[in-house]
Amino acid sequence: MTTNLRPKHLIIAIIAFLLILIAAYFGASIHNAKTNDIIDYLNDMDNIHYYDAEIIPQLNFSAALFSLPITLIILVFELIVLRQIKHRAGKNIAIGTVLAIAIILVISLLTLWHPEDFDFSQWGYLWIAMGAIILVGNILSLFFQSPKEKV
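Reference entry: report on the structure contained in this document.

With respect to the helices, strands and loops of the structure, Arg-88 is situated in helix 4 (residues 88–113). The spacing of Arg-88 and Phe-144 is 56 residues in sequence and 8.7 Å in space, taken between C-alpha atoms.

Contact pair helix 3 (residues 56–84) / helix 5 (residues 120–141): the axes reach a minimum separation of 12 Å and the direction vectors enclose 20°. By the angle between their directions, the pair helix 3 and helix 5 is classed as roughly parallel. Between helix 3 and helix 5 lies a crossing of left-handed hand. Facing Asn-60, Ala-63, Ala-64, Ser-67, Ile-74 and Glu-78 of helix 3, the residues of helix 5 in contact are Phe-120, Trp-127, Ile-134 and Asn-138.

Here the distance between the centres and the angle between the planes together describe a pair of aromatic rings. Enumeration over the complete set of coordinates arrives at 5 aromatic pairs. Residues Phe-26 and Phe-66 carry aromatic rings whose centres are separated by 5.7 Å and whose planes lie at 25° to one another, so their mutual orientation is stacked. Within this pair, whereas Phe-26 is found in helix 1 (residues 6–35), its partner Phe-66 is found in helix 3, the two being separated by 40 residues in sequence. Seen in terms of ring centroids, Phe-120 and Trp-127 are 4.5 Å apart; in terms of plane orientation they differ by 50°. Their pairing is tilted. Given the relative accessible area of 1%, Trp-127 is considered buried. Among the aromatic residues, those joined into a ring-pair cluster are Tyr-25, Phe-26, Phe-66, Phe-120 and Trp-127.

Conventions used here
Residues numbered from 1 in each chain as written. Predicted model: local features only at pLDDT ≥ 70, side-chain atom pairs only at ≥ 80, totals over all residues. Heavy atoms only, no water. Helix = DSSP H or I, 4+ residues; strand = E, 2+ residues; numbered from the N terminus. Axes fitted to C-alpha atoms, helices over the stretch in contact; angles between N-to-C directions. Parallel < 35°, antiparallel > 145°, perpendicular 65-115°, else oblique. Left-handed = near helix turned anticlockwise from the far one by under 90°. Contact = heavy atoms within 4.5 Å. Phe/Tyr/Trp six-rings, centres within 6.5 Å; stacked < 30°, edge-to-face > 60°. Buried < 20%, exposed > 50% of the residue type's maximum accessible area, 1.4 Å probe, protein only.

Quick look at the structure:
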């Protein structure tokens, strides 16, 4: 029985890109909340509004909370791909992306438990980097399928 894994790889890549966008938004928002409180009077003149520095732990929690279900969806699809893929190079890439997902999940859970200690403006780079690994890994996997797997 041959299965076409291309749609699954594309779905994972699209969701990983969404994860990168969410991490970039929250990272930039938290960074702006930390650095722009000094020039509040200039921001008021230009009608630019950033989050207050007092709600940074809440933003950290929200970032981890928003990215957690997306990461779990990616993990489910990636485990399905890992189970179905027959080509060795594709299987190795799938194992690497599962490890990247595991790293995101661990840091996400730590951020949910201690939002004051895990600053997303710094840890968000990890989300972006691991999301990029997942994205690129699944795009590469589109080309590493054996002829039996292509439909």
